[in-house]
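# Examination of the molecular architecture
So the chains spell out like this:
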Amino acid sequence: MFNQKYDVIVVGGGHAGCEAAAAAANMGSKTLLITMNLQTLGQMSCNPAMGGIAKGQIVREIDALGGYSGIVSDLSAIQFKMLNRSKGPAMWSPRVQSDRALFTLTWRQYLEKTSNLDFYQEMVHQLIVEGDKVVGVETQLGMKIYSRAVVLTNGTFLNGLIHIGEKNFGGGRAGESASFGLTENLTALGFDSGRMKTGTPPRVDGRSLDLSVMEEQAGDEMPQKFSYSNQTKPLQQQRSCYITYTDPSVHSTLRDGFDRSPMFNGSITSTGPRYCPSIEDKINRFSDKDRHQIFVEPEGWDTVEVYVNGFSTSLPEDIQYEALKKVKGFENVKFFRPGYAIEYDYFPPTQLSHSLETKLVNNLFFAGQINGTTGYEEAAAQGLMAGINAHQRVHGQDALVLGREQAYIGVLIDDLITKGTEEPYRMFTSRAEYRTLLRQDNADIRLTPLAHELGLIGDSAYQAFNKKQEQVQLIKQFLVQTSFDPKEVNTLLDKKRAPRVKQSDKLHKLLARPYIDRNDLYAFSIVDDYVQSASIDDLAFEQAEIQVKYQGYIDKEVALAKKMKKLDAVKIPLDFNYGDLASLSHEAKEKLTAIQPINLAQASRISGINPSDIAVLLVHLNR
């Protein structure tokens, strides 16, 4: 089986590994996915959900680039919600509650249908490196498998250590062993490593909960979906989630266990995620708060298991149980499994280039939590890009690097490579300076043409994309050319208690008003008749509406992006000696030498680099 040499070997079968393997194989590379357990491909190790604030935009981008996360999420969803609907469309973020088991099964089915992709279950404990290039991997059993590129997506498994109270034991996640040997191999090759921490809450028996005393959180009445493709459809039925709250008695019980908590007794020294803290961390850091939200999330269609979101903890299991029993609706709770914390090795991502290839070893790529990120979506995005660029590398093609104005994926990778991270990195809309351009509704416009060029999107899917864009232009043209009847409009405006119009004008000017949306226009026969006759899809109309309403803001961000692009054009040679520039600060010399930015724009985003440092570089490079 392994006499042949693979183009790409992907190590690890989590969200990053699955996307990397699918991308490389779909582009035509002979690919091997090797993982410690083939039964857990695409496993949701923590909460059973995909998307959310900024994360939903990433899933849409993955789908627009030909990845599978959006399709798998749609096919395994039990609830869909578009978050932040009360805000502008740049903030709208799709999220699905998932059937955990179905999610994993669907990922496996899609991977097994992928041509050029082989599978193998074993632990990789070291790389095979010749000179400055990786040429394969060696397994725990001593099997050597050769390839032209390797993508490492090891998640939380590298020297993973699980903590529950004063107990700790090796593991990559509950019920699965840790991976050993690879960290030591990489550090011997010259890589810097560190430790990070994450955690997960208890899972409980839903039959033991009293949902009637909790706040129901239903899905959207008119649910959408993640994927732009016709392989999925919006949900016809949904399951609800619920909200309840902790109270001072819960906090008191939790504090009783602090002396046995690895968070406070020194057992855990690594950094955890700032924006997803454990319950003990929350009541310690926010001691002025009397309560914290607890989200009760079903694990699937056909299971009673429930995920207790907001109660992530590494406290002793008896403290977890006693505290959770005091939460409203949890008085008779039964545990399926306790919460725990896990420490694992990661490698600071400043050791990578923007293609996610390592600077020390050629043809070696890192993706996912090995780079210090947290979250399925962030991992999947990196995996997709690493898989694409591993294929590009071994076939002598240019790497695909997305700009910060092109995608949240571009923001994610640029932040990691340029700034590094000392805590688990999570994406937020606030991290993107071009949020109005990077909306969830236009990910296909931004990225699908690129995916088609790369061969990740087939001709039929690309034709469907073009058809949608034609519809957007048709409805926009109709709105610009068609006048409204002032009597009809004033009847509508009176109902909204909005200022009346004095004369007829074009429909696009009416739609640009903040209190008017496309649903209001459907009430006008001239609009409804045109939409019906031209077969305009509502999502195409929604995209046209957003463009009409926010064109001014969009134009400003496009202009700003073009201005910043000028700095992208000022390239910095790879062998540039920053030590020769006496005018640069000592900190600037150190950081620029360590990160080796490829252009002035990237240099300007490095933490600690001042405008004066950029001015010095600009003068010198222009010479």
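Refer to the structure above for everything that follows.
Nothing here was measured: the structure is a model prediction, and the numbers come from that model.

Parameters at a glance
- Residues numbered from 1 in each chain as written.
- Predicted model: local features only at pLDDT ≥ 70, side-chain atom pairs only at ≥ 80, totals over all residues.
- Heavy atoms only, no water.
- Helix = DSSP H or I, 4+ residues; strand = E, 2+ residues; numbered from the N terminus.
- Rg over C-alpha atoms; globule rule 2.2 N^0.38 Å.
- Areas by Shrake-Rupley, 256 points an atom, 1.4 Å probe, with all protein chains shown as cover.
- Lys, Arg positive; Asp, Glu negative; His and termini not counted.
- Charge placed at Lys NZ, Arg CZ, Asp CG, Glu CD.
- Phe/Tyr/Trp six-rings, centres within 6.5 Å; stacked < 30°, edge-to-face > 60°.
- Buried < 20%, exposed > 50% of the residue type's maximum accessible area, 1.4 Å probe, protein only.
- Core = buried A, V, L, I, M, F, W, Y, C linked by side-chain atoms within 4.5 Å.
- Contact = heavy atoms within 4.5 Å.
- Salt bridge = Lys/Arg side-chain N within 4 Å of Asp/Glu carboxyl O.
- Pairing = 2+ DSSP bridges.
- Axes fitted to C-alpha atoms, helices over the stretch in contact; angles between N-to-C directions.
- Expected span 1.5 Å × (residues − 1).
- Arc of directions from axis to C-beta.
- Disulfide = S-S within 2.5 Å.
- Polar contact = N/O pair within 3.5 Å; in protein donor to acceptor, adjacent residues only side chain to side chain.
- Parallel < 35°, antiparallel > 145°, perpendicular 65-115°, else oblique.
- Left-handed = near helix turned anticlockwise from the far one by under 90°.

### A few points about the overall build of the protein chain
- Looking only at helices and strands, the protein chain features 20 helices and 20 strands.
- Against the 2.2 N^0.38 benchmark of 25 Å for 623 residues, the protein chain shows a C-alpha radius of gyration of 26 Å, consistent with a compact globule.
- Over its C-alpha atoms, taken along the principal directions, the protein chain stretches across nearly 80 × 70 × 55 Å.
- Accessible surface for the protein chain amounts to roughly 26200 Å². Of this, 48% is attributable to carbon and sulfur atoms.
- Charge centroids of the protein chain, computed over 68 positive and 74 negative side chains, lie 5 Å from each other.

### Regarding the packing of aromatic side chains
- Taken as a whole and assessed by the stated rule, the structure comprises 14 aromatic pairs.
- Pairing F258 with F264 gives two aromatic rings, centres 4.5 Å apart and planes at 35°, and the pair type is tilted.
- On the accessibility criterion, F258 (15% relative accessible area) is buried.
- A relative accessible area of 34% places F264 in the partly exposed class.
- When the ring of Y321 is compared with that of F335, the centres are 5.6 Å apart and the planes differ by 85°; the resulting orientation is edge-to-face. On the criterion of sequence distance, the pair formed by Y321 in helix α8 (residues 317-324) and F335 in strand β18 (residues 335-337) is long-range, its members being 14 residues apart.

### Some thoughts on the nonpolar core
- Within the largest apolar cluster, 101 residues are counted, with the highest numbers of intra-cluster contacts made by L152, L364 and I409.
- Take this core: its biggest share by element is 10 residues, from helix α9 (residues 376-394).
- Setting aside residues up to four positions removed in sequence, L364 forms contacts with L127, V134, V150, L152, L186, F191, L356, E357 and T358.
- Membership of the second largest hydrophobic core comes to 23 residues, among which are V472, L479, V489 and F524.

### Description of the pattern of salt bridges
- Tallied over the entire structure, the rule returns 37 salt bridges.
- Each member of the salt-bridge network shares a partner with another, and the members are R404, D414, D415, K419, E433 and R605.

### Examining the sheet that holds strand β13 (residues 203-205)
- An order of β14-β15-β16-β17-β13-β18 is seen for the 6 strands of this open sheet, with the pairing classed as antiparallel. At either margin of the open sheet sits one strand with a lone partner, and together these are β14 (215-217) and β18. Across the sheet, the mean angle from the axis of one strand to that of its neighbour is 35°, orientation sign disregarded.
- Lying on the sheet, α8 is in contact with β13, β17 (305-309) and β18; it crosses β18 at an angle near 145°.

### So, the environment of D132
- Relative to the helices and strands, D132 resides in the loop between β7 (124-130) and β8 (133-139).
- Put simply, D132 and V361 are 229 residues apart on the chain and 5.2 Å apart in space, counted from C-alpha to C-alpha.
- Apart from residues no more than four positions distant in its own chain, D132 is found in contact with L360, V361 and N362.

### Quick word on helix α20 (residues 611-622)
- With 12 residues, α20 should reach 16 Å at 1.5 Å per residue; the first-to-last C-alpha distance of 16 Å fits that figure.
- Among all positions in α20, only D613, I614 and L617 are buried. Taken end-on, α20 shows its buried residues confined to a sector of 95°, consistent with a single buried face. For α20, exposure combined with an orientation more than 90 degrees from the buried face picks out P611 and N622.

### A short note on the state of the cysteines
- Inspection of every chain in the model, using the stated rule, returns 0 disulfides.
- For the unlinked cysteine C18, the closest cysteine sulfur is that of C46, found at 17 Å.
- With a relative accessible area of 0%, C18 lands in the buried category.
- Lacking any disulfide linkage, C46 is separated from the closest cysteine sulfur, that of C276, by 6.2 Å.

### Some remarks on the sheet that holds strand β3 (residues 49-51)
- Strand order in this open sheet of 3 strands is β3-β5-β4, and the pairing throughout is antiparallel. This sheet does not close on itself; its edge strands, each paired only once, are β3 and β4 (77-83). Each neighbouring strand pair of the sheet contributes to a mean axis angle of 15°, computed without reference to strand direction.
- Alignment of β4 against strand β5 (residues 93-98), held across 6 bridges, turns out to be antiparallel. For A77, the partnering residue across the bridge sits in β5 and is S98.

### Brief notes about helix α10 (residues 408-419)
- The end-to-end C-alpha distance of α10, which contains 12 residues, comes to 16 Å, matching closely the 16 Å that a straight helix rising 1.5 Å per residue would cover.
- Burial analysis of α10 places 11 of its 12 residues in the buried class, which makes it a mostly covered element.
- For α10, the full list of buried residues reads Y408, I409, G410, V411, L412, I413, D414, D415, L416, I417 and T418.
- Looking at the packing, one finds that the buried side of α10 touches α2 (55-64), α9, α18 (586-595) and α19 (600-604).
- Once α10 ends, the next one or two residues include G420, with phi positive near 70°.

### What to know about the side chain of S312
- Within the fold, S312 resides in the loop between β17 and α8.
- Here T200 takes part through its backbone nitrogen, which lies 3.3 Å from a polar atom of the side chain of S312.
- Sequence-distant contacts of S312, that is, excluding residues within four places in its chain, are made with G199, T200, P201, P277, S278, I279 and E280.

### As for the packing of helix α11 (residues 443-454) against helix α12 (residues 459-481)
- At a minimum axis separation of 11 Å, α11 and α12 run at an interaxial angle of 150°. What the angle tells us is that α11 and α12 run roughly antiparallel. Crossing of α11 over α12 shows left-handed handedness. In this structure, α11 uses D444, I445, T448, P449 and H452 to contact α12, whose residues at the interface are D459, Y462, F465, K468 and Q469.

Any functional reading would require information that these geometric values do not contain.
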